[in-house]
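Understanding the architecture of this molecule
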Amino acid sequence: MLKYNSTYCKRSVRGKNRTRDLAISQNRTEYFPRTVRYVDYLFTPNWIEFQAKGDLVYLHGLGNSVLIVNSLSSVQELFEKRWNIYSHRPIFTAVGELMGVDQVALMPYGEEWREHRKITYAALNPRAVKAWHRAQEDLAAIMIKDILERSDEFSRHIRLTASRIVLYIGYGVFASDMEDPYIEDNEETMDIIGRAMTPGAFLCDLISILKYSPSWVPFQRQIKKSKEVIDRTVYQPYIDVKDQVERGTASPSLATNLITAGDSDPEIEHRNTWAVSSLYGAGTKTTASTVHTFVLAMALNPAVQKQAQSEIDNVVGTNRMPTISDMPNLPYVRALIKETLRWHPTRIIQSKITIPRRTAQDDSYGNYFIPKNTIVFPNIWAISRETPDPENFDPDRFLGSDAPADPFNYAFGVGRRICTGVYLAENSVFAMISGILASFDIAPVAGMTLVPKFTQKHVSSPEPFECSITSRSSGRVELIARRATEVIIGT
Ligand code: HEM
């Protein structure tokens, strides 16, 4: 085992040999040119390479310390047991300080963060999410009807459904399509934030003094324009719900509850507004990506698909769609969802917005010294590979007595910063996936080879792909149409 202590770390960082950096591994020490490797990490990070280097990989360069944690046991030790050190977020100068994004996911650990979590938890805790079952099932039913009518646009229908769910819960809104102004604004905002958080996008994130550059400097002008879009996205829907509350026409939603609670203190209103808006940013692409990964996996694994369909046929029957309350009785479908989250977790290391942490103080782990303000990434992808034959899509691995770690314990994060939306997300994904399985057969397009490839964006999902989606029978077509007439949301 490599002895990696604070003296050694300081020597490697401050010593004469400033052109080299240290990667630490449990098995060996490796040196590589600091700038090349660090820049390499910034622009083309390769999480497979990081995992191959061992349990912990430490990079230092351009004034930044970065630690990548590659195993579940170390992630649990650091992020869960030492939550008081590992629950901060990095300081996002461009997005946070200059664009004014005040979202819970980017906040340092502390009182303000706790207040934001409290607000969203009111709508997203295990008991509260039951109130959204019907809405989620209705929105899944609309998605299935839309896929039946335009199966070539399945990707759009999935994205629209994920967006509709959070807009409905947040603001009581039923978005008609992807051109809905709330969706367009939110998508633009997410693109802005995603691009701005890509390391290297704004030099002020690396050299923070640059944040004081005058307003005519091009990056400051760009930030000003971005801030206008972000503010409109965050405030407009909340203002609209306020109007509806005054007119007595507001639908039940998190915003409606907060507004009717009647605290008009500007600071509290600011907090409420940002807390509600965090649902879209954190909950749409992640949910849609998981369902896309499922569709891809089904096209590639016909035997798994058949087994899940036959479980649904046996348990639910053929006269109704599955509901969220069927979940406990469908163990194979549940295992399939876990396998989807494991096979390709949406938040993986190559996307910096796997939302890293920042150490609140110096720490040591084994023989390793971890300085204060180190940016720490839990390598969710590496953890998802801690099982035999990890590239094989096999839900059965979760049904035996030697099942690997449950992806619900890492794909949604760990410790105090664990995903606030996990219970809602589980239900959304189940409603969408079980509905698709009950209704359609998914296969590769005849004559085309389907190769799984995934985007390297901040929320990683399958690259656009085509597949054949056909209804399972004429009885299923009737059921899809009948269920769509029973939808009460948006009517
Ligand atoms: C399949 C869907 C989803 C996945 C895979 C997912 C995954 C994650 C992950 C990995 C994190 C980082 C946690 C950490 O730092 O340890 C996170 C944070 C977060 N997620 Fe999710 N998420 C999903 C859906 C949702 C939904 C539906 C919502 C809300 C409606 C949501 C709200 C949040 C929020 C607010 C945070 C920030 C928590 C904090 O920093 O305190 N997520 N999510």
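It should be emphasised that the depicted structure is a prediction, and the values quoted were computed from it without experimental measurement.

Another point: the overall build of the protein chain. Helices and strands together make up the secondary structure of the protein chain, namely 19 helices and 10 strands. Per-residue burial for the protein chain yields a buried fraction of 45% across its 491 residues. The long-range fraction of contacts in the protein chain, counting pairs at least 24 apart against all pairs at least 6 apart in sequence, stands at 72%.

Here we come to helix 18 (residues 422–439). The terminal C-alpha atoms of helix 18, which comprises 18 residues, lie 26 Å apart, in line with the 26 Å expected from a rise of 1.5 Å per residue. Across the 18 residues of helix 18, 17 count as buried, placing the element largely inside the fold.

Val95 and Ile433 are the most contacted members of the largest nonpolar core, which has 117 residues in total. Top contributing element to this core by residue count: helix 18, with 11 residues. Once you skip the residues sitting within four places of it in the chain, Ile433 turns out to touch Val291, Phe294 and Ile337.

This brings us to the environment of Arg117. Relative to the elements of secondary structure, Arg117 occurs in helix 7 (residues 111–124). C-alpha separation for the pair Arg117 and Thr420, spaced 303 residues apart in sequence, amounts to 7.3 Å.

The next point concerns the packing of helix 14 (residues 285–300) against helix 18. Viewed as axis vectors pointing N to C, helix 14 and helix 18 meet at an angle of 35°, and their least axial separation amounts to 10 Å. As for the relative orientation of helix 14 and helix 18, their crossing is right-handed in sense. Taking contact as the criterion, the partners of Thr286, Thr287, Thr290, Val291 and Phe294 in helix 14 are, on helix 18, Ala425, Ser428, Val429, Met432 and Ile433.

The next thing to look at is the site of the ligand. The local shell around the ligand holds 27 residues, among which Ala282, Gly283, Gly413, Cys419 and Gly421 are the closest. If you list the elements that add at least two residues to the shell around the ligand, you get helix 7, helix 13 (266–283), helix 14 and helix 18. At four residues, helix 13 tops the list of elements feeding residues into the shell around the ligand. Partitioning the shell around the ligand into residue classes produces 14 nonpolar, 10 polar and three charged.

This part is about the UniProt feature "binding site: heme" (unreviewed entry) in the protein chain. The positions that UniProt labels "binding site: heme" (unreviewed entry) are, in the present scheme, Cys419. Along the polypeptide, Cys419 turns up in the loop between helix 17 (380–384) and helix 18. Residue classification places Cys419 among the buried positions, given that 20 C-beta atoms sit within 10 Å. When residues no more than four places from it in sequence are discounted, the contact partners of Cys419 are Phe412 and Gly413.

With that settled, consider unusual backbone geometry. One non-glycine residue, Asn373, lies in the positive phi region at around 70°. Here Asn373 is to be found in the loop between strand 7 (368–370) and strand 8 (375–378). Among the residues examined, Asn373 registers 15 C-beta atoms within 10 Å and is labelled partly exposed. In this structure, Asp389 is a non-glycine residue whose phi angle is positive, near 50°. For Asp389, the location among the structural elements is in the loop between helix 17 and helix 18.

Note that an α-helix has 3.6 residues per turn; residues three or four places apart therefore point the same way. For helix 9 (residues 154–171), built from 18 residues, the straight-helix expectation of 26 Å at 1.5 Å per residue is met to within 8% by its first-to-last C-alpha distance of 25 Å. Counting buried positions along helix 9 yields 16 of 18 residues, so the element is predominantly enclosed.

Turning to the pairing of strand 8, a few remarks are in order. What you see with strand 8 is no split at all: Ile375 and Phe377 on one side and Val376 and Pro378 on the other are buried throughout. Alignment of strand 4 (residues 64–69) against strand 8, held across four bridges, turns out to be parallel. Looking at strand 8, one finds that Leu67 is bridged to Val376. Inspection of the sheet shows strand 5 (residues 357–358) paired to strand 8 by two bridges, in the antiparallel sense. Directly across from Arg357, in strand 8, lies its bridge partner Val376.

The subject of this paragraph is the packing of helix 15 (residues 302–316) against helix 18. Two elements in contact, helix 15 and helix 18, have axes whose closest approach is 9 Å; the angle formed by their N-to-C orientations is 90°. Taken together, the axis directions place helix 15 and helix 18 in an arrangement best described as roughly perpendicular. Facing helix 15, whose interface residues are Ala308, Gln309, Ile312 and Val316, helix 18 presents Ser434, Leu437 and Ala438. Split by residue class, the contact of helix 15 with helix 18 holds five nonpolar, two polar and no charged.

As a further point, take the environment of Gly100. Tracing the backbone through its elements, the reader meets Gly100 in the loop between helix 6 (93–98) and helix 7. What makes Gly100 partly exposed here is the crowd of 14 C-beta atoms within 10 Å. Residues Gly100 and Ile223, spaced 123 residues apart in sequence, show a C-alpha to C-alpha distance of 9.8 Å.

Detailed reading of the predicted model is not advised wherever pLDDT is low. Per-residue confidence for the protein chain gives a mean pLDDT of 87, with 87% of residues at or over 70. Note on residues 1–40: pLDDT is under 50 here. Beyond four places in sequence and across chains, it has 59 contacts.

The rules behind the values
- Residues numbered from 1 in each chain as written.
- Predicted model: local features only at pLDDT ≥ 70, side-chain atom pairs only at ≥ 80, totals over all residues.
- Helix = DSSP H or I, 4+ residues; strand = E, 2+ residues; numbered from the N terminus.
- Buried ≥ 20, exposed ≤ 12 C-beta atoms within 10 Å, placed from the backbone.
- Contact = placed C-beta atoms within 7 Å.
- Expected span 1.5 Å × (residues − 1).
- Core = buried A, V, L, I, M, F, W, Y, C linked by C-beta atoms within 7 Å.
- Axes fitted to C-alpha atoms, helices over the stretch in contact; angles between N-to-C directions.
- Left-handed = near helix turned anticlockwise from the far one by under 90°.
- Near = placed C-beta within 6 Å.
- Nonpolar A, V, L, I, M, F, W, Y, C, P; charged D, E, K, R; others polar.
- UniProt positions renumbered as here; feature names shortened; annotations may be inferred.
- Pairing = 2+ DSSP bridges.
- Parallel < 35°, antiparallel > 145°, perpendicular 65-115°, else oblique.
- pLDDT = per-residue confidence, 0-100.

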